[in-house]
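# Structural description and commentary
Okay, here's what each chain looks like letter by letter:
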Amino acid sequence: DEARGYGFSLPKGSESGNDSTDGIDTFVGETPDKISIIVWAFKDKTMTKESLLDFAENALKELGETVTVGKLTGESDDYAVADADTTGKGGEKSKLKILVATDVTDNYVMIVRSDAASYDSKKATMDNIWGSFEMYSGGASGN
């Protein structure tokens, strides 16, 4: 998204769409092997990596999911990632990676999700997706 100043890579054949509501831009995508991706981008200079993780947890709860979120790891000045497990209304279980990123004026939350049963076989692709996320400005730290 050139306008919001971020980008990442998805496997060939992935499908996606964008929306914008109440100042929050939302990207939703799915890879051919059923890995789902959600990215929220919005302006709020007061957000921290921890409050962005809370935002992700609350968004999942609003979708009716039971969520267990781990601690942020791999932290740098601008990025951190957490593991999470969810159970949907119908009992379906998922494993997620939640990437949070702070920029000079924008903040980003990326969720990369797989069903729990096939997570191990999809983990490398999931890591490639969230690992390719970049902020064009260099992040809040400028690094």
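Please refer to the structure placed before this passage.
These remarks concern the structure in this document. (Residues numbered from 1 in each chain as written. Predicted model: local features only at pLDDT ≥ 70, side-chain atom pairs only at ≥ 80, totals over all residues. Heavy atoms only, no water.)

## A word on the nonpolar core
The biggest cluster of nonpolar side chains holds 19 residues, and the ones touching the most others in it are Trp 40, Ile 98, Val 100, Val 109 and Ile 111. Put simply, the parts of the chain that give this core at least two residues each are strand E4 (36–43), helix H1 (49–62), strand E6 (79–87), strand E7 (93–102) and strand E8 (106–115). In contact with Ile 98, other than residues within four places in its own chain, are Leu 53, Ala 56, Val 69, Ala 80, Val 81, Ala 82, Ala 84, Val 109, Met 110 and Ile 111. Judged by nonpolar contacts, the second largest core, of 16 residues, contains Tyr 6, Val 39, Leu 99 and Tyr 119. (Core = buried A, V, L, I, M, F, W, Y, C linked by side-chain atoms within 4.5 Å. Buried < 20%, exposed > 50% of the residue type's maximum accessible area, 1.4 Å probe, protein only. Helix = DSSP H or I, 4+ residues; strand = E, 2+ residues; numbered from the N terminus. Contact = heavy atoms within 4.5 Å.)

## Re the environment of Ala 41
With respect to the helices and strands, Ala 41 occurs in strand E4. In this structure, Ala 41 is in contact with Arg 4, Tyr 6, Gly 23, Ile 24, Asp 25, Asn 107 and Tyr 108, ignoring residues within four places of it in sequence.

## Notes on the pairing of E7
Of all ten residues that make up E7, eight are buried, and the element is covered over most of its length. Bridge count for E6 against E7 is nine bridges, and the pairing is antiparallel. The residue of E7 that forms the bridge with Asp 83 is Lys 97. In the sheet, E7 pairs with E8 via nine bridges, with the strands oriented antiparallel. Paired with Ile 98 across the strands is Ile 111, a residue of E8. Linking E7 back to E8 in an antiparallel pair, the connection comprises three residues. (Pairing = 2+ DSSP bridges.)

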